[in-house]
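Structure at a glance
One letter stands for each residue in the lines below.
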Amino acid sequence: MIDVNAIRNDFPLLQQKIYNRQLVYFDNAATTQKPQTVIDTTNEYYQKYNSNIHRGVHSLSEKMTESYENARRTVKSFINAQHQHEIIFTSGTTEAVNLVAFSFGEKFIKKDDEIILSQLEHHSNIVPWQLMCERTGAKIKVIPATYTGDLDLSAYERLFSEKTKIVSVNHVSNSLGTINDIEKIIQIAHCHNVPVFIDGAQGIHHQPVDVQKLDCDFYAFSGHKIYGPTGIGVLYGKEKWLNEMPPYKGGGDMIKTVTFEKTTYNDLPFKFEAGTTNFIGAIGLSAAIKYIEKIGRQNIFEYEDMLLKYATEKIKTIPDIRIYGTSENKISVISFLVGKIHHFDTGMMLDKMDIAVRTGNHCTQPIMKFYGIEGTVRASLSFYNTTSEIDYLVESLLKIKQLFA
Ligand code: PMP
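Residues numbered from 1 in each chain as written. Predicted model: local features only at pLDDT ≥ 70, side-chain atom pairs only at ≥ 80, totals over all residues. Heavy atoms only, no water.

Take the environment of A29 next. Structurally, A29 can be placed in the loop between β1 (24–25) and α2 (36–49). Among the residues examined, A29 registers a relative accessible area of 3% and is labelled buried. In this structure the C-alpha to C-alpha distance between A29 and S332, which are 303 residues apart in sequence, comes to 9.3 Å. Among residues more than four places away in sequence, those in contact with A29 are N174, Q202, K225, R378 and S380. (Helix = DSSP H or I, 4+ residues; strand = E, 2+ residues; numbered from the N terminus. Buried < 20%, exposed > 50% of the residue type's maximum accessible area, 1.4 Å probe, protein only. Contact = heavy atoms within 4.5 Å.)

Let's shift gears to the layout of surface pockets. Space left empty within the atom packing is revealed by a probe, the size of a water molecule, rolled over the atoms. Considered as a void within the structure, the largest pocket measures approximately 420 Å³ in volume. As for the largest pocket, its lining consists of 18 residues, of which H171, N180, D181, I182 and E183 are closest to the centre. Sorting the residues of the lining of the largest pocket by element identifies α7 (182–191) and α8 (211–214) as the ones contributing at least two each. For the lining of the largest pocket, the leading source of residues is α7, giving 3 residues. Class assignment for the residues of the lining of the largest pocket results in 8 nonpolar, 5 polar and 5 charged. If you add up the space inside the second largest pocket, you get close to 290 Å³. The residue makeup of the lining of the second largest pocket, split by class, is 4 nonpolar, 5 polar and 6 charged. (1 Å grid on protein atoms, 1.4 Å probe; cavity = no way out; pocket = protein on both sides within 12 Å on 5 of 7 lines; lining within 4 Å. Points joined across faces, edges and corners; volume = space filled by probe spheres on them. Nonpolar A, V, L, I, M, F, W, Y, C, P; charged D, E, K, R; others polar.)

So this is what it looks like as structure tokens:
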């Protein structure tokens, strides 16, 4: 059970007014707010312990290194990876996709090979693969979506050929909220001996994730969407792939020996962590994970599911509303348009009523094109949101509708 009032007190930003009323923050799919513990932990490390990791023998550097590696351990158990060195700290999901598209592409993909993406992908799980295809001459195949915003898995099965080298799909769609059946997607790919990359940017914080049980080959997420700091993220990769993949970036920490003739690379995970990483970000992320675990991911899932059902029923009562993404398996994201009102106007008016939502194509132009629209208004809900905030959203949308009538 979630005590939403107690939880809200943990988030200082939620206490403020933007114009006249206490902020209603419904833009959680873009980024989440930070609990006091994440802010305090980050401040404390800057104030008391800041010192570069891995390279120092002095106490501060040793303390920092130990805390950074503890953060890696926290992530490892959070997603139940088999080994700690399978956790690579990146700057976010985008960097994780770029890393795999580059390194996996360098090693395993050649001209005329094929990779499979889906129509629901965020641009950051499309463009890095296109860059890889430009370099290698490989081709992209796309799993089509149905009108409800689900992936057509029988069409998916038909996309495989002996040239398929990797599948990369999101766990949860950021613009529609669909929870993809990644267990099945992975199972089908593995029947064809093809590895799977899961973009977990919208999946990890809404429900429990066990990478060993899923048997995914890669899983990526961003700190800032999981109540942690910006500029930090995670790439999980199975040891066997990460060991075979060449480095993505060169620099300090990722080497064993350097001469002008030849450089040898460090072991995992450092081979993929060139230069000074966002080590305090990683510690902040670990504070966020501990905070989430205290609430419990199953509790979070159940509470947010209640919010989703409540919001969907309420929003549906607004005349001329169109909801995009009506899968039976959804997280708490509602994308919609009201009558002929431009999504941008709706967003601007809601802002004046102290409600923060996102408008536009949500970096998912292919699925917007499928629906024949430019964009939507997206309300994305978190465990710190309430049913009375949803009531206020619906009331405000009705007012906006009247104003535009
Ligand atoms: N994938 C999905 C599904 C996302 O929602 C986002 C962020 N909107 C990303 C990838 C990219 O995440 P980041 O910008 O944190 O790297």
